[in-house]
Structure formats: structure tokens, C-alpha cells
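Here is how the chains run, residue by residue.
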Protein chains: 2
Amino acid sequence: MAKDVPYELIYWPGPPGRGEHIRLVLEEAAAEYTDTAQAEGQGGLDQVLAFVQGTVPDDGINPPTLAPPILKHGELVISQTPNILQYLGSRLGLADKDNDGVYRVNALALTALDGLSNEAHDCHHPIAPGLYYEDQKEESKRKATDYVTNRLPKFMSYFERVLGSKSSGDGPWLYGGKLTYADLVLFQCVDGLKFMFPKAMSKLEREGKHAKVFSLHHAVAQRPQISAYLKSARRQKYSHGIYRYYKELDIEP
Amino acid sequence: MAKDVPYELIYWPGPPGRGEHIRLVLEEAAAEYTDTAQAEGQGGLDQVLAFVQGTVPDDGINPPTLAPPILKHGELVISQTPNILQYLGSRLGLADKDNDGVYRVNALALTALDGLSNEAHDCHHPIAPGLYYEDQKEESKRKATDYVTNRLPKFMSYFERVLGSKSSGDGPWLYGGKLTYADLVLFQCVDGLKFMFPKAMSKLEREGKHAKVFSLHHAVAQRPQISAYLKSARRQKYSHGIYRYYKELDIEP
């Protein structure tokens, strides 16, 4: 089952988006990988479109994929952020080695993606992913207000509770005293939320009730591989992806 | 690693909700399990609340859980629907046996849950999960209109494409010619959507462009274990869970 070929990330060139979760795992593990977002000219976009339009995969082994991020590794083609993370996490030493631990870590990653990434995305697209933000601005304001007031503190408090529980072990990490891909997911969520909702996030940071979550964000950023990556040109700027800055949504809760 | 104890499903008594995906896997496999939704009197709700309020797990091994469905199996406590499905699928012969296949099946299950369950839920709660439907009725109508017009056909067409691809193998199933938990997930999604959006779903069925998806729904319902389950009192009626019927959201696309 050894696959000594580089990983291939297929993701939209442009904003970091959901692809960023995959990149952080690959970067932390110093894995060899290609990224369509880094391809020259039109090449990356064309590769993404071939998957989205269903031209590939056409190998009879892998089911068609609906949307990026997509990971290609040798013969295997898989989609869905948490699924790719789990695959890479197991291979790259960023999941738990114990079978039960695998599922505990996966639950944490899924919960962070649900509440701190998918719901954040829905704050600027509450009505329809296919419509422009401008066509759902009123609804966005209503949703973002609820989000920063109720949902964001709820999820941040949950992760603070996880980090304070005995199951997190020693050190800054979520589970078993060791860095896993769930930590990298939470880092990216907190990072994106700081960009999208600076007022709400600095209020939470000032209040001090989520100190362990903010410490985890800091600890991930200090990892040698991650720190080098964040300074590199490979780390894209937030723009029109999951985490977007709109002044009118930057609500003080 | 053998755990010869019954599975314990912790889920809200009342609507089938997300817990239903877990039940279908357990029922198809004829696995021994308990279900808080079936507990006498107040007992089931109290058990759910103990997890939601963080009283349990307090074992120092399992991280706190945020929301049901939760699965307890011996010492292991895990949350998140797709995570529980993956755990059970592997143990109960409803995932692929091949390591790569595990991730292919998981991607299909995650995609169905995203587009045909989570997005359907958001049609009656587009602004805030904590508000009543009545407080987001206007936005719900707008979201449901987009959903039945754009999103629902998109996801249904995707699964029709998967079922028509060589990777699905022979027979009615999504992957490798064998029933997996992804098929059970798609069954429940189609079933719930037929309840929630009867006009849109019968239009899709009449048009005949998604015949393979509707055949899969039929084929799952005919499985001996599932058929017996669907007729039993354990199968709860749709009410105020993920799939709800509101006349004003039953839009003819």
C-alpha cells in the first residue's frame, strides 16, 4: 500500500478557502505535494474545472467528485475536507495511532469545521451559495449578528472545554498531548475568524474566557514548518473565500 | 480490540433527525443497540442532556461532546454523524474493506449529508439555529426556493452521475457493487426530502433524470432488515427535526 508519489491538491486558485486546511497538514508534515493554486497561468484553474465538470476522474475506480478540495494520491482520488484530512492525518503522523483515538480526533475536526468554518461561510451566504453577497446582504447582517453573539462563543467555549479536559493531555493540543490535524483545523478557523470578525474575536480574546483556544492558535503559528509556510508566498491572503471581511458584518457583540 | 457490548446511541427523543442515519446502519446490520429515543419517560432526555451539558463523559479519555448524535461503545464515546457512521460502517461490514475504498465511501456519505441533509435543515433555519422558524420565515422561503430550484437538482444529479459511473459497480449501490453506509445515508436523505418537499421531489421523479437515485431509495427500503425496521415503532415520524413539512416551503420549482 506504500504510495511513494507526491500528494496532489486540487483547489481553486485564489483565496485560501477549504483547501487551506489540507495545505496546513501537508506543510506541517513537510510532505511533498503539488497544488493547483500554485500552477502557472490558467493551468491550475483548468485542472480544477476538469474535476468539477466531471471529465476526471474517468478511471472506473474513483467515483466522480462534486467540489474541491480534491486530493489525488497515486490511484486514489478523494474529496471532502474532513475526509482528506483524515487520510493525510493517518499517513503523516497527525492523527492518533490508536483506532479509537482516530475517531475522537475526527470528531473534533468535524466540529470545528461545522461551527467555525461552514457557519462562518454561511454568514455571507445565508440564502444561496450561488448568489452574490450583495444579493443577500440584509440576511447576512442578521445571520452574522446571531453568529458573533451566540454561535461563535458557543463553539469557542466548547473547544476551551476540550482543551481544559483531562483527555487533551499536557501541552497546548486538543487530544492526547500531541499535535493532530484537529489542532491545525482549529488554528485555521481561529485565524480566519480573526480576519472576518476582528471586533468579536478581540472582544473574546480580551475577556480571557477562551485563553486556551487562543494559545493553541499561537502555538500552531510557532511550529517551525508552519511558521515558515505562513511567511511564504504559498500562504494566500484572505479574500473572497470562506473568511471575508465586510465592514457591515464586523459586528461588536 | 473486540468490544462485545451493545452500541449505545444518544440522541434526542422525538424526531428522527441526524440520529436516524445511525439507526439505519445499526438496523441493517442487525446490531445490538440501545437508543435514548426509545427510553421510558424522561430517562432518554436526561441522558442526552448530561452529554450536552458536559456532565459526561468525565472519564479523562474521551473529549467532551457538543451535540448528539453521540455513540458510546464500551470505553469509546464519539460524536458527529459522519464520524459515527464511519466507525460503525467499518465494524459492521458496511464500509469498503479496502483502505482506499473507506475514503471513497466516506466522501460520498459526507457529500450527501452536506447537500441533502444540512442544507435542507438550513431551509427552515437559514438565519439562526437558536431562533424559531416563525422568526425566520421570510428568509426560509427565499432559501427553500433556491434550494429546490438549484441546490437539490445539483446534488441529485451528482449522485445520479455517481450511480452511472463504472466505480459504482453492478446493482443499485453507490460504490463497488456493494451496499455501504453511504447508500443508507442517501436513502434517508431522499426519504426526508420527499416528506419536506413533495412537489419538488415528485417533479424530479416524474422527469426521470434521477431514476437511479430513486431506485436506490426503493432498493434500500426493500432490504429485509430495513423493511422490518421501517414498519416498526422504532422508526419515528418526521416532525420538527431536519426534515419538516411547511406548506409555504413546499415550492414547485
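Residues numbered from 1 in each chain as written. Chains lettered and ligands numbered in written order. Predicted model: local features only at pLDDT ≥ 70, side-chain atom pairs only at ≥ 80, totals over all residues. Heavy atoms only, no water.

### So, the nonpolar core
One finds Leu-152 and Phe-197 of chain B to be the most contacted residues of the largest nonpolar core, which totals 72 residues. Ignoring any residue separated from it by four or fewer positions in sequence, one finds Phe-197 of chain B in contact with Cys-123, Ala-144, Tyr-147, Val-148, Leu-249 and Asp-250 of chain B. In terms of nonpolar packing, the next biggest core, distinct from the first, is built from 71 residues, Leu-94, Ala-109, Phe-159 and Leu-193 of chain A among them. (Core = buried A, V, L, I, M, F, W, Y, C linked by side-chain atoms within 4.5 Å. Buried < 20%, exposed > 50% of the residue type's maximum accessible area, 1.4 Å probe, protein only. Contact = heavy atoms within 4.5 Å.)

### Focus on the pairing of strand β1 (residues 7–10) of chain B
Residues and elements named next belong to chain B. Judged from the 3 bridges that link them, β1 and strand β2 (residues 33–35) form a sheet pairing that is parallel. Paired with Leu-9 across the two strands is Asp-35, which belongs to β2. As for the winding sense of the linkage, the β-α-β connection from β1 through helix α1 (residues 19–28) to β2 is right-handed. Here β1 pairs with strand β3 (residues 70–73) via 3 bridges, running antiparallel. Within the sheet, the bridge partner assigned to Ile-10 lies in β3 and is Ile-70. (Pairing = 2+ DSSP bridges. Helix = DSSP H or I, 4+ residues; strand = E, 2+ residues; numbered from the N terminus. Right-handed = clockwise from strand over helix to strand, strands pointing away.)

### Section: the relation of the copies chain B and chain A
The two copies are related by a screw operation: chain B maps onto chain A through 180 degrees of rotation and 0.0 Å of translation along the axis, at an RMSD of 0.0 Å. The transformation relating the two chain copies, once decomposed into turn and shift, fits a two-fold axis. Minimal C-alpha distance to the rotation axis in chain B is attained by Pro-126 of chain B, lying at 2.9 Å. (Least-squares fit on C-alpha atoms with pLDDT ≥ 70 in both.)

### Structural notes on the UniProt feature "domain: GST C-terminal" (unreviewed entry) in chain A
On the UniProt side, "domain: GST C-terminal" (unreviewed entry) is annotated at positions that read residues 106–239 of chain A here. Secondary structure content for residues 106–239 of chain A is 69% helix and 0% strand, while the C-alpha to C-alpha distance between its ends is 28 Å. (UniProt positions renumbered as here; feature names shortened; annotations may be inferred.)

### Focus on the sheet that holds strand β1 (residues 7–10) of chain A
Residues and elements named next belong to chain A. Strand order in the open sheet formed by 4 strands is β2-β1-β3-β4, with mixed pairing between adjacent strands. Since the sheet does not close on itself, it has two edges, and those belong to β2 (33–35) and β4 (76–79), each with one partner. Each strand of the sheet is rotated relative to its neighbour by a mean of 20 degrees, with strand direction disregarded. (Axes fitted to C-alpha atoms, helices over the stretch in contact; angles between N-to-C directions.)

### Concerning the pairing of strand β3 (residues 70–73) of chain A
Residues and elements named next belong to chain A. Relative to β4, β3 is paired through 4 bridges, and the arrangement is antiparallel. By the bridge assignment for β4, Leu-71 is matched with Ile-78. Taken together, β3 and the strand that follows it, β4, pair antiparallel across an intervening segment of 2 residues, in which Gly-74 is found at a positive phi of about 60 degrees.

### Details of the interface of chain B and chain A
Size of an interface: often given as the accessible area lost when the parts come together. Taken together, the contact pairs 55 residues of chain B with 55 residues of chain A. Across the interface of chain B and chain A, roughly 4,700 Å² is buried in total on both sides, 56% from carbon and sulfur atoms. Sorting the residues of chain B by area buried against chain A places Leu-66, Tyr-103 and Arg-142 of chain B first, and these three jointly supply 15% of that buried surface. Linking chain B with chain A are 2 salt bridges, by the criterion used here. When the shortest N-O distance is used, the salt bridge between Arg-142 of chain A and Glu-139 of chain B registers 2.8 Å. (Buried area = accessible area lost by both parts, 1.4 Å probe. Salt bridge = Lys/Arg side-chain N within 4 Å of Asp/Glu carboxyl O.)

### Structural notes on the packing of helix α3 (residues 81–91) of chain B against helix α4 (residues 99–124) of chain B
The geometry of a pair of packed helices is captured by two quantities: the angle between their axes and the separation between those axes. Residue and element names in this part refer to chain B. At a closest axis distance of 10 Å, the pairing of α3 and α4 adopts a crossing angle of 145 degrees. When the axes of α3 and α4 are compared, the crossing they make is right-handed. Residue-level inspection shows Thr-81, Pro-82, Leu-85 and Gln-86 of α3 in contact with α4, the latter providing Val-102, Asn-106, Leu-110 and Leu-113. Tallied by class, residues from the contact of α3 with α4 come to 5 nonpolar, 3 polar and no charged. (Left-handed = near helix turned anticlockwise from the far one by under 90°. Nonpolar A, V, L, I, M, F, W, Y, C, P; charged D, E, K, R; others polar.)

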